[in-house]
Amino acid sequence: ATHPDLRHEAARVHAACRPLDAHTDLPLMLDHPDFDFARRRHPESPLSQIDAPRIAEGGAAGLFFAIFTNQGPCTPEGRDYAFDLARRIFTRTRSLIESNASTVALALDTTDFHSITATGRAAIFLGVENGWPVGTDLSRLSVLHSLGARYLGLCHLEHNDLCDSSTGTPPPPHGGLSELGREAVLECNRLGILVDVSHASDETAREAAALSRAPVIASHSN
């Protein structure tokens, strides 16, 4: 990584490709009192995942910040808690972006992406990791879209109302997508929210890809 020829080639590729990082966990840092997005941190720092100076140094034209809720109970109370939590994280994340307007800006579509990167800033998209906040009420997808959500990770480490997870407690309850999950995929298509199959079971991923009227993504599945 320190060889000058490799660094030159990496810079050339980045400049040509305008790379997009499909999944960053920065919103998880917002609760930490010592986290300062504007300050460059040492790579060994526990708060080092991402910061504004290294976004610029890394050459990313765009990044997705993941609005994550760790799976809890699929009960009316649990679903309401998850939805309220997701909305609070959206608000705090958007506030962070707005307070660092000299280096990043919120992007809602490709037009925003091009206009933001033309100014030398990084375009920040927002994605939802885990469909738990949706619960059994698909109208919540419209709310999340209005807050800026442009992809939906259907699940996380456990099964939920929408689908089976790749790591969920056996046996999987749905055999892939639930009926509600199938409706959610089509509603995401209608709204303009990408369907993300990271963490989903093989059956869920195959069903989503077959059903979706738009390409699905796997934002961070190795």
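In this text, all values refer to a predicted model and were calculated from it rather than measured experimentally.

1. Let's talk about the packing of helix H6 (residues 179–191) against helix H7 (residues 202–211)
Where H6 meets H7, the axes come as close as 10 Å, and the angle between the chain directions of the two elements is 45°. With respect to H7, the element H6 is oriented oblique. As H6 packs across H7, the resulting crossing turns out to be right-handed. Note on element contacts: H7 touches H6 through Glu207, Ala208 and Leu211, opposite Arg182, Val185 and Leu186. Here the residues of the contact of H6 with H7 are counted per class, giving four nonpolar, no polar and two charged.

2. A word on the pattern of salt bridges
This model, assessed by the stated rule, comprises ten salt bridges. Across the pair Arg40 and Glu57 runs a salt bridge whose closest N-O atoms are separated by 3.2 Å. Of the two residues, Arg40 is situated in the loop between strand E1 (20–24) and helix H2 (52–58) and Glu57 in helix H2; the sequence distance between them amounts to 17 residues. Take Arg40: its relative accessible area is 43%, and that puts it in the partly exposed class. Notably, a salt bridge pairs Asp80 with Arg140, separated by 2.6 Å at the nearest N-O pair. Of the two residues, Asp80 is situated in helix H3 (residues 76–99) and Arg140 in helix H5 (residues 139–146); the sequence distance between them amounts to 60 residues. When salt bridges that share partners are traced, they join Glu179, Arg182 and Glu207 into one network.

3. Quick look at the layout of surface pockets
Regions of empty space are outlined by a rolling probe, equal in size to a water molecule, passed over the atoms. Approximately 260 Å³ is the volume attributed to the largest pocket. Broken down by secondary-structure element, the contributors of at least two residues to the lining of the largest pocket are helix H4 (110–117) and H6.

4. Structural notes on the packing of H3 against H5
Two measures define how a pair of helices packs: the angle their axes make with one another and the distance between the axes. Packing of H3 against H5 brings their axes to within 11 Å, and their N-to-C directions diverge by 10°. Judged by the angle between their axes, H3 and H5 are roughly parallel. Helix-helix and strand crossings are classified by hand; for H3 and H5 the assignment is left-handed. When H3 is examined against H5, the residues Arg79, Asp80, Phe83, Arg87, Phe90 and Arg94 are found in contact with a partner set consisting of Arg140, Val143, Leu144 and Ser146.

5. Looking at the nonpolar core
If you look at the biggest cluster of nonpolar residues, it comprises 45 residues, and the most contacted ones within it are Leu26, Phe37, Phe65, Leu141, Leu152 and Leu154. Of all the elements in the fold, those that place two or more residues in this core are H2, strand E2 (62–68), H3, strand E4 (122–129), H5, strand E5 (149–153) and H6. If near-sequence neighbours (up to four positions away) are discounted, Leu152 is found in contact with Val128, Asn130, Gly131, Val134, Leu141, Leu162, Cys188, Ile193, Leu194, Val195 and Asp196. Counting nine residues, the second-largest nonpolar core is a separate cluster that includes Ala61, Phe64, Ala107 and Phe113.

6. Some points on the pairing of E2
Of all seven residues making up E2, seven are buried, and the element is well covered by its neighbours. Neither face of E2 is open: one carries Gly62, Phe64, Ala66 and Phe68, the other Leu63, Phe65 and Ile67, and all of them are buried. Where E1 meets E2, three bridges bridge the pair, whose relative direction is parallel. Looking at E2, one finds that Leu20 is bridged to Gly62. Taken together, E1, H2 and E2 form a β-α-β motif whose crossover is right-handed.

Criteria and thresholds
Residues numbered from 1 in each chain as written. Predicted model: local features only at pLDDT ≥ 70, side-chain atom pairs only at ≥ 80, totals over all residues. Heavy atoms only, no water. Axes fitted to C-alpha atoms, helices over the stretch in contact; angles between N-to-C directions. Helix = DSSP H or I, 4+ residues; strand = E, 2+ residues; numbered from the N terminus. Parallel < 35°, antiparallel > 145°, perpendicular 65-115°, else oblique. Left-handed = near helix turned anticlockwise from the far one by under 90°. Contact = heavy atoms within 4.5 Å. Nonpolar A, V, L, I, M, F, W, Y, C, P; charged D, E, K, R; others polar. Salt bridge = Lys/Arg side-chain N within 4 Å of Asp/Glu carboxyl O. Buried < 20%, exposed > 50% of the residue type's maximum accessible area, 1.4 Å probe, protein only. 1 Å grid on protein atoms, 1.4 Å probe; cavity = no way out; pocket = protein on both sides within 12 Å on 5 of 7 lines; lining within 4 Å. Points joined across faces, edges and corners; volume = space filled by probe spheres on them. Core = buried A, V, L, I, M, F, W, Y, C linked by side-chain atoms within 4.5 Å. Pairing = 2+ DSSP bridges. Right-handed = clockwise from strand over helix to strand, strands pointing away.

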